[in-house]
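Working through the structure, step by step
Chain by chain, the residues:
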Amino acid sequence: MTARPGAALRASWRRPSGRAGWLLLGIVVAAAALLPGTLPDPAAQGDLLREALLPPSLAHPLGTDQLSRDLLARVVGGLRVSLTLGALAALLAVTLGTLVGLAAATLGGTADAVLMRTVDALLAIPRLFLLLPLLAVWERVPLGALVLLLGVTGWFGTSRLVRGEAARQRTLDYVRAAEALGAGRRRIALRHLLPNVAGPVLVAATLGVGDVMLLEAGLSFLGLGVRPPTPSLGGMLLDAKGIFASAPWTSIFPGLALCLSVLAVHLVGDALRDALDPRSP
């Protein structure tokens, strides 16, 4: 049977890359959760003549931007937004993908063929092409709607993963024994198949958080994601695009925060995947 998520989490911590990922992710999450209360308002502007584009100093550890806003407060605020969007959208995506994959594996036959061919067709369309037309006609996208859009366009790969693993589990003796004892499809799906696909789903959800963070940053850089005054790492990179030569800190620190947070999530996801792989040492 597939390893349980709890055992996979413990096994991922025992791997050097996994331990590094968990520690880095803990620092990022702690900073996003705890620091905003101790920092200035990320939207607050100071004196534009004297406080705009200040380099890093004791008063402003990461400097200020062209509107004299504290860059540390904005980077931390952007991290909080990115992590929240990533986690919620990934949770929605894996939930939808798990439901569709379990339904396909449990129902089989025509239903399985229809669901999987639909998923194949959706996977053939780049995710960005699905999002751009929707976001381009929306003057200001609420954060809740952005989470919904990112979630409902990100479940296709998870559904194939869950369907494949659940179909494999259905051929094992413990499922055949449950069927022989009269267990219905719903009971088999929820009591037997779902717990044994939870490990791969956990990996997909973890890696999905990093993917959504990068996608959100890219959309914000294009002016289609999180809109001002809400801080966004991609939006900060967009604002700093024309002043990199004169004020490089305005783009270096948001970019570094995005890279480190996505790296942490992917290190954790890779360690979980290795922990769930029976061929892995």
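Residues numbered from 1 in each chain as written. Predicted model: local features only at pLDDT ≥ 70, side-chain atom pairs only at ≥ 80, totals over all residues. Heavy atoms only, no water.

1. Considerations on helix α10 (residues 185–221)
Compared with an ideal rise of 1.5 Å per residue, which puts 37 residues at 54 Å, α10 spans 46 Å between its outermost C-alpha atoms and falls more than 12% short. Of all the bends in α10, the largest measures some 50° and sits at Leu-194, one to four residues before the proline Pro-195. Two residues or fewer after α10 comes Gly-223, characterised by a positive phi angle close to 80°. (Helix = DSSP H or I, 4+ residues; strand = E, 2+ residues; numbered from the N terminus. Expected span 1.5 Å × (residues − 1). Bend = angle between axes of the 7 residues up to and from the residue.)

2. Describing the pattern of salt bridges
A full pass over the atoms with the stated rule returns eight salt bridges. With a shortest N-O distance of 3.1 Å, Asp-47 and Arg-50 are connected by a salt bridge. A relative accessible area of 28% places Asp-47 in the partly exposed class. Here Arg-273 ties to Asp-270 by a salt bridge, and the two come within 2.7 Å at their closest N and O atoms. Here the residue Arg-273 and the residue Asp-270 both occupy positions in helix α12 (residues 249–276), the gap between them amounting to three residues, near one helical turn. Here the residues in one salt-bridge network are Asp-65, Arg-69 and Arg-74, joined through shared partners. (Salt bridge = Lys/Arg side-chain N within 4 Å of Asp/Glu carboxyl O. Buried < 20%, exposed > 50% of the residue type's maximum accessible area, 1.4 Å probe, protein only.)

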